[in-house]
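Below, each chain spelled out in residue letters.
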Amino acid sequence: MKVEIIQGDITKSHVDAIVNAANTTLMGGGGVDGAIHQAAGAKLDLACAKLQGCASGKAKTTLGYLLPAKWIIHTPGPIWQDGMHHEPEILKNSYLNSLKEAEKHQCQTVDFPSISTGVYHFPLKQAAQIALSTIINFKQQAHYIKRVRIVAFDIITKEVYQEVLEDLLQ
Ligand code: APR
């Protein structure tokens, strides 16, 4: 299972599944959540309404609708408070449960945004360490997944994830 960091717009990813940094209502919002809902179209809103929300750290899957991606895996990451409210554990669970959903849907390629490091203010380097160690540790149990990418929207995020990945793979 390859792990890569790229810079781009995740709504353009031609992959089996993209992961959405959602909120617990699953009814869309700003940031990557807003971009995904806008690009996927109105049918996504209807599908999400039926899911009746999702707890932080859990993950639920819908079709990709108008997106090039086949599936969208929605996961609400933690809202950063002070690091003393299980935020690291919830973030780890968001990545782990999203990977499990991708396996359940027999996905070979999965793209993640940098979950919780925008509006939810999770410190970037710590989030990258949690994200990438969770993804790397999942390798043993990955049967379908052949490639996981982090799609960074900006160069700072890309460079931090790249640096953390190189440290972890040393
Ligand atoms: N493609 C890839 N990454 C993107 C895109 C995009 N099109 N748009 C934004 N991002 C990046 C942000 O720059 C940030 O690095 O996604 C990362 C996560 O930021 P947010 O989208 O703010 O997500 P998060 O911090 O998890 O906060 C989630 O924000 O949009 C609301 O409904 C959402 O309430 C939820 C909260």
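(A) Local environment of the pattern of salt bridges. Counted according to the given criterion, the structure contains five salt bridges. Lys2 serves as the salt-bridge partner of Glu4, at 3.6 Å between the closest nitrogen and oxygen. Classification of Glu4 by relative accessible area gives partly exposed; the value is 26%. Lys104 serves as the salt-bridge partner of Glu101, at 2.9 Å between the closest nitrogen and oxygen. Residue Glu101 and its partner Lys104 are both found in helix 3 (residues 87-104); the two are separated by three residues, about one turn of the helix. When its relative accessible area of 12% is taken as the criterion, Glu101 is described as buried. Accessibility expressed as a relative area gives 61% for Lys104, which makes it exposed.

(B) Focus on the sheet that holds strand 1 (residues 2-7). The sheet built from six strands is open, its strands ordered 1-6-5-2-4-3 with mixed pairing. Since the sheet does not close on itself, it has two edges, and those belong to strand 1 and strand 3 (60-63), each with one partner. Taken pair by pair, the neighbouring strands of this sheet meet at an average axis angle of 25 degrees, ignoring direction. Where strand 3 meets strand 4 (residues 71-76), four bridges bridge the pair, whose relative direction is antiparallel. Residue pairing for strand 4: Thr61 is matched across the bridge by Ile73. In this fold helix 2 (residues 42-51) packs onto strand 3 and strand 4, with an angle of close to 150 degrees to the strand it touches most, strand 3. Most of the contacts of helix 5 (residues 155-169) go to strand 1, to which it runs at about 160 degrees, and overall it touches strand 1 and strand 6 (147-152).

(C) How the structure looks around the nonpolar core. One finds Tyr95, Phe112, Leu132, Ile135, Ile145, Ile150 and Tyr161 to be the most contacted residues of the largest nonpolar core, which totals 33 residues. If you list the elements that add at least two residues to this core, you get strand 1, strand 2 (17-22), strand 4, helix 3, strand 5 (109-112), helix 4 (124-137), strand 6 and helix 5. By residue number, the principal contributor to this core is helix 4, which donates seven residues. In contact with Ile150, other than residues within four places in its own chain, are Glu4, Ile5, Ile6, Tyr95, Phe112, Leu132, Ile135 and Tyr161.

(D) Region of the structure containing the state of the cysteines. Throughout the structure, instances matching the rule amount to zero disulfides. Note on Cys48: no disulfide assigned, nearest cysteine sulfur contributed by Cys54 at a separation of 9.9 Å. With relative accessibility at 1%, the residue Cys48 sits in the buried group. The closest cysteine sulfur to the non-disulfide-bonded Cys107 is located on Cys48, 16 Å from its own sulfur.

What counts and how
Residues numbered from 1 in each chain as written. Predicted model: local features only at pLDDT ≥ 70, side-chain atom pairs only at ≥ 80, totals over all residues. Heavy atoms only, no water. Salt bridge = Lys/Arg side-chain N within 4 Å of Asp/Glu carboxyl O. Buried < 20%, exposed > 50% of the residue type's maximum accessible area, 1.4 Å probe, protein only. Helix = DSSP H or I, 4+ residues; strand = E, 2+ residues; numbered from the N terminus. Pairing = 2+ DSSP bridges. Axes fitted to C-alpha atoms, helices over the stretch in contact; angles between N-to-C directions. Contact = heavy atoms within 4.5 Å. Core = buried A, V, L, I, M, F, W, Y, C linked by side-chain atoms within 4.5 Å. Disulfide = S-S within 2.5 Å.

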